[in-house]
Amino acid sequence: MKICDVCGLPEELCVCEEIAREVQTVKVFTVRRRFGKLMTIVEGIDEHDIDIKELTKELKARCACGGTAKKGQIELQGDHKRKVKEVLSDMGFSSDTIEIRDADRKFNRKRRN
Ligand SMILES: [Zn+2]
């Protein structure tokens, strides 16, 4: 039986990751890469609390795109901002704390999507 090293409960009883998901402030934005290709970046995932590899796998599957996780950031090929927000909400992230920014535009915290 695996024990969570944060709360000390057996893994099947542990809710640390669920709690963490609710309080994460996640930024989702697109950037332009070489040849004007758009990449969707998901930033603000705390790797200590959240299995970022698992999350990346889920996002890639639901957005049907390629992508990688590195240094606490998830990069997805193409523009999947709306879909990413939907997937994160489905997975228990609070949609109030997911901020979306379009490529080439200034970040606006107040804007709701
Ligand atoms: Zn725990």
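The structure presented is a predicted model; accordingly, all values stated were derived computationally and were not measured.

Section: the coordination of the zinc ion
Geometry reference: four tetrahedral donors at a metal, ideal angle 109.5 degrees. Six octahedral donors, ideal angles 90 or 180 degrees.
Then, in step 1: Protein ligation of the zinc ion involves Cys4 (SG), Cys7 (SG), Cys14 (SG) and Cys16 (SG), the donor distances falling in the range 2.3 to 2.4 Å.
Then, in step 2: One can describe the donor arrangement at the zinc ion as tetrahedral, given that its 4 donor atoms subtend angles of 104 to 120° at the metal.
Then, in step 3: Mapped onto the polypeptide sequence, the residues donating to the zinc ion form the spacing pattern C-x2-C-x6-C-x1-C. Within this pair, whereas Cys4 is found in the segment before α1 (16–23), its partner Cys16 is found in helix α1, the two being separated by 12 residues in sequence.
Then, in step 4: Note on Cys16: relative accessible area 22%, which makes it partly exposed.

Structural notes on the layout of surface pockets
Then, in step 1: In this structure, the largest pocket occupies an estimated 250 Å³ of space.
Then, in step 2: Along the walls of the largest pocket sit 14 residues, with Cys4, Cys14, Cys16, Glu17 and Asp49 positioned nearest its centre.
Then, in step 3: The residue makeup of the lining of the largest pocket, split by class, is 7 nonpolar, 1 polar and 6 charged.

With respect to the pairing of strand β4 (residues 73–77)
Then, in step 1: Here strand β2 (residues 38–43) runs beside β4; their pairing, made up of 4 bridges, is antiparallel. When the sheet's bridge partners are listed, Thr40 is paired in β4 with Leu76.
Then, in step 2: Here strand β3 (residues 67–70) runs beside β4; their pairing, made up of 4 bridges, is antiparallel. Considered in β4, the bridge of Gly67 is made with Leu76.

A short note on the nonpolar core
Then, in step 1: Val42, Leu55, Leu88 and Phe93 are the most contacted members of the largest nonpolar core, which has 20 residues in total.
Then, in step 2: Broken down by element, the residue count for this core peaks at 4 residues, all from helix α2 (residues 52–63).

Focus on the UniProt feature "domain: SUI1" (unreviewed entry) in the chain
Then, in step 1: Residues given the UniProt feature "domain: SUI1" (unreviewed entry) here are residues 26–92.
Then, in step 2: Between the first and last C-alpha atoms of residues 26–92 the distance is 12 Å; the span itself is 33% helix and 33% strand.

Conventions adopted
Residues numbered from 1 in each chain as written. Predicted model: local features only at pLDDT ≥ 70, side-chain atom pairs only at ≥ 80, totals over all residues. Heavy atoms only, no water. Donors = N, O, S within 2.8 Å, 3.2 Å for Na, K, Ca; no water. Tetrahedral: all angles 85-135°; square planar, octahedral: opposite > 155°, others 65-115°. Helix = DSSP H or I, 4+ residues; strand = E, 2+ residues; numbered from the N terminus. Buried < 20%, exposed > 50% of the residue type's maximum accessible area, 1.4 Å probe, protein only. 1 Å grid on protein atoms, 1.4 Å probe; cavity = no way out; pocket = protein on both sides within 12 Å on 5 of 7 lines; lining within 4 Å. Points joined across faces, edges and corners; volume = space filled by probe spheres on them. Nonpolar A, V, L, I, M, F, W, Y, C, P; charged D, E, K, R; others polar. Pairing = 2+ DSSP bridges. Core = buried A, V, L, I, M, F, W, Y, C linked by side-chain atoms within 4.5 Å. UniProt positions renumbered as here; feature names shortened; annotations may be inferred.

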